[in-house]
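One letter stands for each residue in the lines below.
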Amino acid sequence: MLPPFQILPPDPALKPLLQQKIDRKTKPLGALGQLEVLALQAGLVQQSLEPALRQPHLLVFAGDHGAARAGLSAYPQEVTWQMVENFLAGGAAINVFCRANGLTLSVVDAGVAHDFAPRPGLIQAKVAPGTASFIEAPAMCREQLHAALARGAALARDLAARSCNVLGFGEMGIGNTASASLLAHALTGVALDDCVGRGTGLDDAGLERKRRLLIRAASRAGLPAGRADPLDALAEFGGFEIAMMAGAMLAGAEARMLLLIDGFIVSAAALVAARLHPALVDYCVFCHRSAEPGHQAVLDALGGRPLLDLNLRLGEGTGAALAYPLLQAAVAFLNEMASFESAGVAGKA
């Protein structure tokens with residue numbers, strides 16, 4: 001069964017006081033733009049006029065996809081485990097950005113087709129060594145789906161118990177833009193062609209092959225586009241890393257964490273989670289707009305306004321790590337910036 005979650009929207013009673021505090025800072029009304037929206041969100045999530053960011057942590061969830069063997073990606077499936085090794089060695093972009101911005105990084109083996117030696121920074125949570133090929137059959141059975149959701153939830157709850165209140169999400173899995181495209185199509189109703197992009201850099205022929213394979217997968221599953229049950233869609237098309245992220249997001253929102261939502265694949269997991277518990281969106285900080293075309297459809301469905309638009313399409317949580325300093329800045333101005341009254345500055349006439 002799906003683990004139970006109690007996710008409530010933040011109590012809006014504090015909103016007028018937070019807005020007044022923001023408006024009385026020494027600046028014209030609204031002059032800090034989206035940072036003001038972010039400060040308000042942080043205060044509401046934490047139910048505090050002085051929110052604080054504690055023990056920020058970014059989890060990169062890794063998993064393999066059986067469908068990748070059909071040639072959905074410009075890279076072979078072995079790159080998934082090789083990149084996990086790169087993460088653990090500290091050499092990837094996400095390592096650099098986490099170090100630069102003060103985020104603790106852990107890598108979760110959600111379902112990689114490789115056995116990793118235990119070491120610091122690696123969380124062993126493997127459901128199976130990769131999913132089945134969603135072109136021919138459902139990607140995972142219900143038992144595997146529920147196991148992935150529950151293991152993701154347990155990870156978030158463990159971090160919350162250790163005082164973490166900011167949780168970032170990243171992923172690694174050759175073929176997972178294809179999964180995200182199918183999930184976006186099934187859950188939003190946007191045409192599949194408009195949800196499919198080049199992923200890791202497919203040429204025109206590779207992109208056309210990817211489209212044909214995803215049409216086959218969608219036809220096989222027969223889900224009603226735009227009206228699909230989120231768990232049905234996740235079982236048919238998801239990866240273990242996507243399912244585990246959805247479980248971690250649900251438990252993170254339940255624990256009143258701020259959730260740093262990265263690009264297309266992470267947002268697809270957030271869409272699944274939000275269809276199960278709509279109040280999850282109140283806890284999500286949408287960090288960037290991916291260059292993948294399907295990401296806009298997912299953002300529209302979630303009502304997400306991304307902080308950054310840098311033409312990124314790397315994944316790994318890189319957009320979340322790059323956006324985290326903006327959350328820090330929003331909380332800092334709310335807590336530290338002088339008001340008109342404290343600074344002795346005349347307000348607007």
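Preceding this paragraph is the structure being described.
Presented here is a report on the structure given in the accompanying data block. Note that the structure is predicted; figures quoted are calculated from it, not measured.

Each value, and the rule that gives it
- Residues numbered from 1 in each chain as written.
- Predicted model: local features only at pLDDT ≥ 70, side-chain atom pairs only at ≥ 80, totals over all residues.
- Heavy atoms only, no water.
- Pairing = 2+ DSSP bridges.
- Helix = DSSP H or I, 4+ residues; strand = E, 2+ residues; numbered from the N terminus.
- Axes fitted to C-alpha atoms, helices over the stretch in contact; angles between N-to-C directions.
- Contact = heavy atoms within 4.5 Å.
- Buried < 20%, exposed > 50% of the residue type's maximum accessible area, 1.4 Å probe, protein only.
- Phe/Tyr/Trp six-rings, centres within 6.5 Å; stacked < 30°, edge-to-face > 60°.
- Salt bridge = Lys/Arg side-chain N within 4 Å of Asp/Glu carboxyl O.
- Expected span 1.5 Å × (residues − 1).
- Core = buried A, V, L, I, M, F, W, Y, C linked by side-chain atoms within 4.5 Å.
- Parallel < 35°, antiparallel > 145°, perpendicular 65-115°, else oblique.
- Left-handed = near helix turned anticlockwise from the far one by under 90°.
- Nonpolar A, V, L, I, M, F, W, Y, C, P; charged D, E, K, R; others polar.

What follows covers the sheet that holds strand β1 (residues 57–63). The six strands lie next to each other as β3-β2-β1-β4-β5-β6, forming an open sheet whose pairing is parallel. If you trace the sheet from one side to the other, it starts and ends with β3 (122–124) and β6 (284–286), each paired once. Averaged over all pairs of adjacent strands, the angle between their axes in this sheet comes to 25°, without regard to strand direction. The strands touched by helix α5 (residues 142–161) within the sheet are β1, β2 (104–111), β3 and β4 (166–172), with β1 carrying the most contacts at an inclination of about 165°.

Moving on to the pairing of β1. Counting buried residues along β1, seven of its seven residues qualify, which places the element largely inside the surrounding structure. With burial as the criterion, each face of β1 is covered, one bearing His-57, Leu-59, Phe-61 and Gly-63 and the other bearing Leu-58, Val-60 and Ala-62. Pairing of β1 with β2 involves seven bridges; the strand directions are parallel. Note on β2: the bridge partner recorded for Ala-62 is Asp-109. Sheet analysis places β1 next to β4, joined by six bridges and oriented parallel. Within β4, the residue paired with Leu-59 across the bridge is Phe-169.

Turning to the pairing of β2, a few remarks are in order. The side chains of a regular strand alternate, residue by residue, between the two faces of the sheet. Taking burial as the measure, the eight residues of β2 include seven buried ones, the bulk of the element. Bridge count between β2 and β3: three bridges; the pairing is parallel. Each bridged residue has a counterpart across the sheet, and for Asp-109 the counterpart in β3 is Gln-124.

This brings us to the packing of aromatic side chains. Taken as a whole and judged by the stated rule, the model has two aromatic pairs. Judged by centre distance (6.4 Å) and plane angle (85°), the ring pair of Phe-134 and Phe-237 falls under edge-to-face. Of this pair, Phe-134 sits in the loop between β3 and α5 while Phe-237 sits in helix α9 (residues 230–237), and the two are 103 residues apart along the sequence. Like Phe-134, the residue Phe-237 is buried in the burial classification.

Let us look at the pattern of salt bridges. Two side chains bearing opposite charge may form a pair once their charged atoms approach each other closely. All told, the structure shown has twelve salt bridges when counted by the stated rule. For Glu-254, the salt bridge is made with Arg-157, and the minimal N-O distance between the two is 2.9 Å. One end of the pair, Glu-254, is in helix α10 (residues 240–254); the other, Arg-157, is in helix α5, with 97 residues separating them in the sequence. Residue classification places Arg-157 among the partly exposed positions, given a relative accessible area of 35%. With a closest N to O distance of 2.7 Å, Asp-158 and Arg-162 form a salt bridge. Residue classification places Asp-158 among the partly exposed residues on the basis of a relative accessible area of 39%.

Compared with an ideal rise of 1.5 Å per residue, which puts 13 residues at 18 Å, helix α6 (residues 176–188) spans 18 Å between its outermost C-alpha atoms and is within 8% of the ideal. Once α6 finishes, Gly-189 follows within two positions and takes phi at roughly 85°, a positive value.

Counting residues in hydrophobic clusters, the biggest one holds 123 residues, and the most contacted among them are Phe-134, Phe-169, Met-249 and Leu-259. Sorting elements by how many residues they give to this core places α10 first, with eleven residues. Those residues in contact with Leu-259, other than ones at most four positions away along the chain, are Leu-167, Phe-169, Met-249, Gly-252, Ala-253, Leu-280, Tyr-283, Cys-284 and Val-285.

In contact at an axis separation of 8 Å, helix α4 (residues 93–101) and helix α13 (residues 318–336) are set at 15° when each is read in the N-to-C sense. In this view, α4 runs roughly parallel relative to α13, as classed from their interaxial angle. The element α4 and its partner α13 pack so that their crossing is left-handed. Along its contact with α4, which presents Ala-93, Ile-94, Phe-97, Cys-98 and Asn-101, the element α13 presents Thr-318, Ala-321, Leu-322, Tyr-324, Pro-325 and Gln-328. Class assignment for the residues of the contact of α4 with α13 results in eight nonpolar, three polar and no charged.

With that out of the way, let us pick up unusual backbone geometry. For Gln-55, which is not glycine, the phi torsion reads 50° and is therefore positive. Positionally, Gln-55 belongs in the loop between α2 (34–46) and β1. In this structure, Glu-316 takes a positive phi of about 70° despite not being glycine. Summarising the element assignment, Glu-316 is placed in the loop between α12 (294–302) and α13. Judged by relative accessible area, which is 3%, Glu-316 ranks as buried.

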